[in-house]
Amino acid sequence: MDLLDILRSKIDSLEEGDHIPGLKAVLLHIETASGHLLRGQKQNEETAFTDSIYRTNQAFEGSLKEAYRVLASKDPERERPYDIEQYFEKNKVFRQRVLAQFTNYRTEWRNPSSHDYKLDFDENEAFLAIVSVSAFACLVLDQISESLSYNKTKLETETKHSDIKTRLSSYEGSILDLTVELLKEFSRQHWTGSNESARQTEAKIIGALSGFFASAAPNLEVRSEVKLTSNSSIDSRKFLRVDLIVSNKKEQVIIELKGSKQGYRSGLLQLEHYMRESNIPWGILYIYLYKSGELDINQHLLPKINGLILALTPSEWIR
């Protein structure tokens, strides 16, 4: 697994904007840090490992600044790095996984190297710093991608497809049926005529779905990357993280996203497990593999838990 290739692809998939130059600078800093690590290994040059960590620090700071630009909608150039860190720490903007990597890198690498100029780092420390900041940057990029996709789709739905909200405002079916109708409408608008299927990522789809639902069905609550506590008596501390949960005041539906044919069976198994552990009786498997704007619906009954999974797949797709 090449972390630099993953970072490049995530940046390339983003919408254009003021955040792009800064994110490309983050990538350059990590590439340079990797170069210092290789130099230290090949030439037995110990100072190169410390140089590597100073570069990862710059990548860390750059990631925070561009996250601040997108997630807080503020200009990072007017803020001190310390104030930006405090903003993320106090306002709980980062998802749990992003926050964990943020805390880890700041505690293990940035703070020690910034506050003690006498420190020298060895090869293993430089390697771990590169891996740590790369993981943080990748997760930040996913959250940035989701936010950009949310805003873009919400605006497009409000301006170009406002009739959808009017049409569904008086819908009287269950939340499961309403969610299916919304996903069908989303697929028609999002996929029909699209030629960007190769650039779709799960983060972009989650953001686009959340933005579409926010515009088309504002009375529904949509939460992404929801952490559910397991009902298992084996370990009550165990938690599950699901892609999306759609809810109203009374009912909930779990949505699991998959971007390939191979994800069909595993997606069904995941959903059944989530539903069993959370006591949520309805689940939707949404295959976002691009084929057309129309969807086929397949039912999967789960009599042991009185549950129902609806699998939504492109109409031109044959399992």
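Residues numbered from 1 in each chain as written. Predicted model: local features only at pLDDT ≥ 70, side-chain atom pairs only at ≥ 80, totals over all residues. Heavy atoms only, no water.

A. Examining the overall build of the protein chain more closely. Scanning the protein chain for helices and strands turns up 10 helices and six strands. Counting only C-alpha atoms and orienting by the principal axes, one finds that the protein chain spans roughly 70 × 50 × 40 Å. Expressed as a percentage of the 319 residues in the protein chain, the buried residues total 47%. Counted over contacts in the protein chain with a minimum sequence separation of 6, partners at least 24 positions apart contribute 64%. Surface summary for the protein chain: the accessible area is close to 16,600 Å², and the carbon and sulfur share equals 47%. Between the mean site of the 41 positive side-chain charges and the mean site of the 46 negative ones, the protein chain shows a separation of 4 Å. (Helix = DSSP H or I, 4+ residues; strand = E, 2+ residues; numbered from the N terminus. Buried < 20%, exposed > 50% of the residue type's maximum accessible area, 1.4 Å probe, protein only. Contact = heavy atoms within 4.5 Å. Areas by Shrake-Rupley, 256 points an atom, 1.4 Å probe, with all protein chains shown as cover. Lys, Arg positive; Asp, Glu negative; His and termini not counted. Charge placed at Lys NZ, Arg CZ, Asp CG, Glu CD.)

B. Up close: the pattern of salt bridges. Taken as a whole, this structure holds 26 salt bridges when the rule is applied. Its salt-bridge partner being Arg39, residue Glu45 comes within 2.7 Å of it at the nearest N-O pair. Overall, the relative accessible area of 22% leaves Arg39 in the partly exposed class. Across the pair Asp75 and Arg78 runs a salt bridge whose closest N-O atoms are separated by 3.7 Å. For Asp75, a relative accessible area of 32% corresponds to the partly exposed category. Beyond isolated ion pairs, a larger network of salt bridges with shared partners links Asp163, Arg167, Glu185, Arg188 and Glu294. (Salt bridge = Lys/Arg side-chain N within 4 Å of Asp/Glu carboxyl O.)

C. Structural context of helix α4 (residues 81–91). Buried residues of α4: Ile84, Glu85, Gln86, Tyr87 and Phe88, and no others. Packed against the buried residues of α4 are α3 (47–71) and α5 (96–115). Looking at the residues trailing α4, positive phi occurs at Lys92, about 55 degrees.

D. The packing of helix α6 (residues 123–160) against helix α9 (residues 202–216), seen in detail. Packing of α6 against α9 brings their axes to within 7 Å, and their N-to-C directions diverge by 35 degrees. Seen along the crossing, α6 lies across α9 with a hand that is right-handed. Residues Asp142, Ser145, Glu146, Ser149, Tyr150, Thr153, Lys154, Thr157 and Glu158 of α6 touch α9, and the partners they reach there are Ala203, Lys204, Ile206, Gly207, Ala208, Ser210, Gly211, Phe212, Ala214, Ser215 and Ala216. Here the residues of the contact of α6 with α9 are counted per class, giving seven nonpolar, eight polar and five charged. (Axes fitted to C-alpha atoms, helices over the stretch in contact; angles between N-to-C directions. Left-handed = near helix turned anticlockwise from the far one by under 90°. Nonpolar A, V, L, I, M, F, W, Y, C, P; charged D, E, K, R; others polar.)

E. Representation of the pairing of strand β4 (residues 282–287) in the model. Here β4 lies mainly inside the structure; five of its six residues are buried. After leaving strand β3 (residues 252–258), the chain enters helix α10 (residues 263–278) and then returns to the sheet as β4, a path that is right-handed. Pairing of β4 with strand β6 (residues 307–314) involves five bridges; the strand directions are parallel. Looking at β6, one finds that Trp282 is bridged to Leu308. (Right-handed = clockwise from strand over helix to strand, strands pointing away. Pairing = 2+ DSSP bridges.)

F. Fine view of the packing of aromatic side chains. All chains considered together, the criterion is met by 13 aromatic pairs. Taken together, a centroid distance of 5.2 Å and an interplanar angle of 90 degrees make the contact between Tyr68 and Tyr87 edge-to-face. With Tyr68 in helix α3 and Tyr87 in helix α4, the pair connects residues that are 19 residues apart, well separated along the chain. Judged by relative accessible area, which is 4%, Tyr68 ranks as buried. When the centroid spacing of 6.3 Å and the interplanar angle of 80 degrees are considered together, the rings of Tyr68 and Phe88 count as edge-to-face. Taken together, the residues Tyr68 in helix α3 and Phe88 in helix α4 connect sequence positions 20 residues apart. The rings of Phe60, Tyr68, Tyr87, Phe88, Phe94, Phe102, Tyr105 and Phe136 are connected pair by pair, giving a single aromatic cluster. (Phe/Tyr/Trp six-rings, centres within 6.5 Å; stacked < 30°, edge-to-face > 60°.)

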